[in-house]
Amino acid sequence: MHPLLIQHIHALVPLTREEEEQITVAFHQKKLKRRQFLVQEGDASRFLSFVTSGCLRSYFTNDNGQEYIIQFAIEGWWLNDNESFLFDTPSTFNIEALEDTVLLQIDKPALELLFKNIPQLERFFRILYQRSFIMLQKRVIAAMSQTAEQRYLDFSARYPEIVHRVPQYQLAAYLGMTAEFLSKIRHGIAAKKS
């Protein structure tokens, strides 16, 4: 049984005991060591992954070697390159473990079979993707309208556990600023509090 996964699904849709067992059988466990890649740019993302422990980042690198972090993922979060997974295309992103990580994974044929056999699971993923899309919209709006300090404060309030688990330069890359600028922001905030 995969209790965190089942609990996560139950938060949005009800499942029978039999459906829980079907889901548990369909997912397999994968372990990654710190700095190990789940997916590398150019490879196909063949599995949808659910994080049961650890922390990962999804990022791409531009032609100048600058990294842009798209997403962090911690316990109870999903992560993959959706376009690659859905359309069997080369991945645009690298997905790397920032800590030793344990994932539950499912491939597309097994997921489609679960959707056929458990309609509630298809509903679960629809809700999940709707919420993800809304969060993406909020991130775009914040990038366009908030100051760097506001983006940092908002992220810190929303995801304090991530702020303490990822290196400052990676947090800066996610927020769209340099590590030096993020350091100035943090010092300014600390000075205001004292």
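Scroll up to find the structure.
Residues numbered from 1 in each chain as written. Predicted model: local features only at pLDDT ≥ 70, side-chain atom pairs only at ≥ 80, totals over all residues. Heavy atoms only, no water.

J.: Describe a nonpolar patch on the surface, with residues and values.
T.: A surface patch of nonpolar side chains, amounting to about 440 Å² of accessible area, comprises Phe133, Leu136, Val140 and Met144. Turning to its location among the elements, Met144 is positioned in helix α5 (residues 119-145). Take Met144: its relative accessible area is 70%, and that puts it in the exposed class. (Patch = residues over 30% accessible without salt bridge, like charges linked within 9 Å, V, L, I, M, F, W, Y side chains within 5 Å. Areas by Shrake-Rupley, 256 points an atom, 1.4 Å probe, with all protein chains shown as cover. Salt bridge = Lys/Arg side-chain N within 4 Å of Asp/Glu carboxyl O. Helix = DSSP H or I, 4+ residues; strand = E, 2+ residues; numbered from the N terminus. Buried < 20%, exposed > 50% of the residue type's maximum accessible area, 1.4 Å probe, protein only.)

J.: Requested: an account of the packing of helix α4 (residues 108-117) against α5, with residues and values cited.
T.: One can describe the packing of α4 onto α5 by two numbers: an axis separation of 5 Å at closest approach and a directional angle of 115°. When α4 is examined against α5, the residues Leu111, Leu114, Phe115, Lys116 and Asn117 are found in contact with a partner set consisting of Pro119, Leu121, Glu122 and Phe125. (Axes fitted to C-alpha atoms, helices over the stretch in contact; angles between N-to-C directions. Contact = heavy atoms within 4.5 Å.)

J.: Outline the sheet that holds strand β3 (residues 47-53), listing residues and values.
T.: Strand order in the open sheet formed by 4 strands is β1-β8-β3-β6, and the pairing between neighbours is antiparallel. At either margin of the open sheet sits one strand with a lone partner, and together these are β1 (28-32) and β6 (78-79). Relative to strand β8 (residues 101-107), β3 is paired through 6 bridges, and the arrangement is antiparallel. The partner of Phe47 across the bridge, within β8, is Asp107. (Pairing = 2+ DSSP bridges.)

Keep in mind that these numbers describe shape and distance, not what the molecule does.
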